[in-house]
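Listed below are the residues making up each chain.
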Amino acid sequence: MNNISLFRNCCLKILNRSRSLHTTNKLSLFWEKDDRGGYPSTLPQQGIKEKMRSGLAEMKEEIKLWCHEMKENLESDPQILFRPEEVDVAWRFKNPESLEKWIATCDSDYNEGFSNCTLARNMYGNAVFSGNINLRVPKDGRVYRAGYCNIKTKPFRRSFKRETYLNWIGYNTLVMKIRGDGRTYLLNIGARGYYDVAWLDQYHYQLYTRGGPYWQIAKIPFSKFYFSSKGRIQDDQHPLTLNKISSFGISAQDRHGGRFNLEIDYIGLEYDPKHVEEFAYEMYKVDKGIVSV
Amino acid sequence: MSMKHLFRISGILLKNNSILTYNPISSQRPLHLALVKFKQKEEKAVVIRDPFDDVKDKTKQSYLQMINIFINRDNVYRKGHVEFIYSALKHMHEFGVQRDLEVYKALIDVLPKGKFLPTSIIQAEFMHYPKQQQCIIDLLSQMEENSVLPDLDMEDQLVAIFGRRGFPVRRYWRMMYWMPKWKYASPFPLPDPMPTDTYELAKLAIERISNVDPTNQVTIYHTADIKDSVDDTWIISAQSATQKKLLSESDLKEPVFIEGPFTVFLRGNYINYFMLRGKPKPQDDSFEDPDKVENISVNFFSSKPPVKSIVKVPSVYEQEDGVIYSLCATGTSSKDSLLSWIRHLELDGNPTLGTLPVVFTLKSQIKEITVENKSAGGEEHKKIDDS
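About the cut-offs
- Residues numbered from 1 in each chain as written.
- Chains lettered and ligands numbered in written order.
- Predicted model: local features only at pLDDT ≥ 70, side-chain atom pairs only at ≥ 80, totals over all residues.
- Heavy atoms only, no water.
- Helix = DSSP H or I, 4+ residues; strand = E, 2+ residues; numbered from the N terminus.
- Buried < 20%, exposed > 50% of the residue type's maximum accessible area, 1.4 Å probe, protein only.
- Contact = heavy atoms within 4.5 Å.
- Areas by Shrake-Rupley, 256 points an atom, 1.4 Å probe, with all protein chains shown as cover.
- Pairing = 2+ DSSP bridges.
- Expected span 1.5 Å × (residues − 1).
- Core = buried A, V, L, I, M, F, W, Y, C linked by side-chain atoms within 4.5 Å.

The next point concerns the overall build of chain A. Regarding its fold elements, chain A presents two helices and 13 strands. For chain A, buried positions account for 40% of its 293 residues. Put simply, of all contacts in chain A between residues at least 6 apart along the chain, 75% involve residues at least 24 apart. Element-wise, carbon and sulfur atoms account for 55% of the exposed surface of chain A, whose accessible area totals about 18,600 Å².

Put into structure tokens, the structure is as follows:
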């Protein structure tokens, strides 16, 4: 009894001792400041006054969107039939406004490299993701690998800027009509989780392009996408949760520098009844303490 | 900030000898510098002598010899492994050994076996000998970046050095799981290593592009076979039966264009190619909605199908930006060689090319370049001059 109280007193003393001055760095290994991993936004930022003004102007559109959502809720007519072998287009670039949903970034935006890229529309109404990958590493002693360009959708929103996810639960294949330059690109599907450790979860698969003037239709089943967090493939793999798609992106980051060019007609989804694979990677149990550490 | 305060700060800094590194203050205070003059110490530049820099003959043999020299220098109290491995990794491209598994294994052998083995689970999980482990992890990631697949011997090496719970061993296992999966995943495979010859590369490129239709035929012509040709070079041309048919059916009044050069990228190599392209065919996108039931015509007495407009599915060559009749890459990418190409095509089953107006619309700036060979490490340009 005595021992326990002594222990308790000691504990209380240690816990109560407050330190006003921290001499060690905070270890924020898992804590995330935001879901951008601490990188600043490359979009133009508005001040509070401007935000108020533009927010009021946006009110009209948002209310319209909200009415539309309400109407859809009342109709409650969700898509239940997914026609096999028919592509539902998720993104197409036939009108200039379609580019507003996308954002192009590269390492030079964050002073971590010298690449540059653009996402534009050409005269035929196709998106052209092009630029130059530069493998030169800036001499800041922090970055030790550079050279990537990336396009990504802006966060999906409902009315009044509420965040939402895309639901692709009825489909099992990603279909893209592309015209590449022969490089290999990386497809990134965001699967943002609720807690901060899962904010930067993504699923990837490579997009191999043939090169040349002919269009190519790339069909990639979702079962092939592998799980990664912060760009590192994880040991514990799980299939993609198709009703929680938080973003879609394409990266040009093969380890060969130089200019690249990828023309996209559409990015679509398809239900392929012949594809029955749930997940392409082994899910067997491994020794405890070896994986995910 | 008062003058006195400034003075004090500078005094402290001087005492600690850290004035040279304390940039924000020393560079932005002209007032302060005027008041107190520091006698700055003479800068001592540290030159790191890198033995790999001194090697004259940079080959795989000399690289392995360097490793041997390091290992044999002091067999009992060997030290500086990590520094040696890092500097060796840095110089791999110079010696051209970045894709050689044997070299990586030789580098891992620099670390002594048994010395870094953890003796308890605590040691194992808290990364026993972290610098050494991180060094080998960096070596493995360099292997991965150069797509060098490790072998089973490497596992034995790593286990002997770090034990089965070592982090490099875990990384090795991950590499052995993922890398073979991607090695042959591409539907457009390329040989490994890539040929360095321009001709072979161009042939690969044209074969790969024309792979879109299996009936495509890749033919190699020589400009010397055509009379009056100036150049003496090769032409790699691709044309399918469909393209021949399309060309024979094309309107004789409409010109066809020789366009280019366009580039295709094959693992670090840009290859230029040219197209023979005509104007796009008008495509009727309007289609009848099968669900529309406003005007049903009931065909009692006709056996014809009720659908009025049946459109032929356009081939891959009929695109919205034009109809592609043929593709080629030539040794010089010159206008003359392209002219020879057209003559060859005309002789090779496209008689319409003799009557069709052919227009050259070439971008001039890359006229003399055939292959721009840009490897990841150095800027190596291969240029073949025209004329």
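Structure's up, so let's keep going.
A separate point is the overall build of chain B. A count of helical and extended segments in chain B gives 15 helices and eight strands. The buried share among the 387 residues of chain B stands at 42%. Considering only intrachain contacts with a sequence separation of at least 6, the fraction spanning at least 24 residues in chain B is 69%. A total of about 23,400 Å² of accessible surface is found on chain B, and carbon and sulfur atoms cover 55% of it.

Before going further, it helps to spend a moment on the sheet that holds strand 10 (residues 226–229) of chain A. All names here are of chain A. With antiparallel pairing, seven strands are arranged side by side in an open sheet as 2-5-12-7-8-10-11. Strand pairing shows two members of the sheet lacking a second neighbour, strand 2 (102–106) and strand 11 (232–233), which therefore form its edges. Bridge count for strand 5 (residues 149–153) against strand 12 (residues 247–252) is four bridges, and the pairing is antiparallel. Each residue of the ladder has a partner; that of Ile151, found in strand 12, is Ile250.

Bringing helix 12 (residues 167–183) of chain B into the picture now. Residue pairs three or four apart in sequence face the same way in an α-helix, which turns once every 3.6 residues. Taking 1.5 Å of rise per residue, the 17 residues of helix 12 of chain B would be expected to cover 24 Å, and the 24 Å separating its terminal C-alpha atoms lies within 8% of that figure. The set of residues buried in helix 12 of chain B consists of Phe167(B), Pro168(B), Val169(B), Arg170(B), Arg171(B), Tyr172(B), Met175(B), Trp178(B), Met179(B) and Trp182(B). In the core, the buried residues of helix 12 of chain B are packed alongside strand 8 (201–208), strand 10 and strand 11 of chain A together with helix 9 (121–125), helix 10 (130–145) and helix 11 (152–162) of chain B.

The next thing to look at is the nonpolar core. Residue and element names in this part refer to chain A. In this structure, Trp168, Phe222 and Phe248 are the most contacted members of the largest nonpolar core, which totals 49 residues. A total of five residues in this core trace back to one element, the largest contributor, which is strand 13 (residues 258–270). Setting aside anything within four residues of it in sequence, one finds Trp168 in contact with Trp91, Ile189, Phe222, Leu242, Asn243, Ile245, Phe248 and Leu269.

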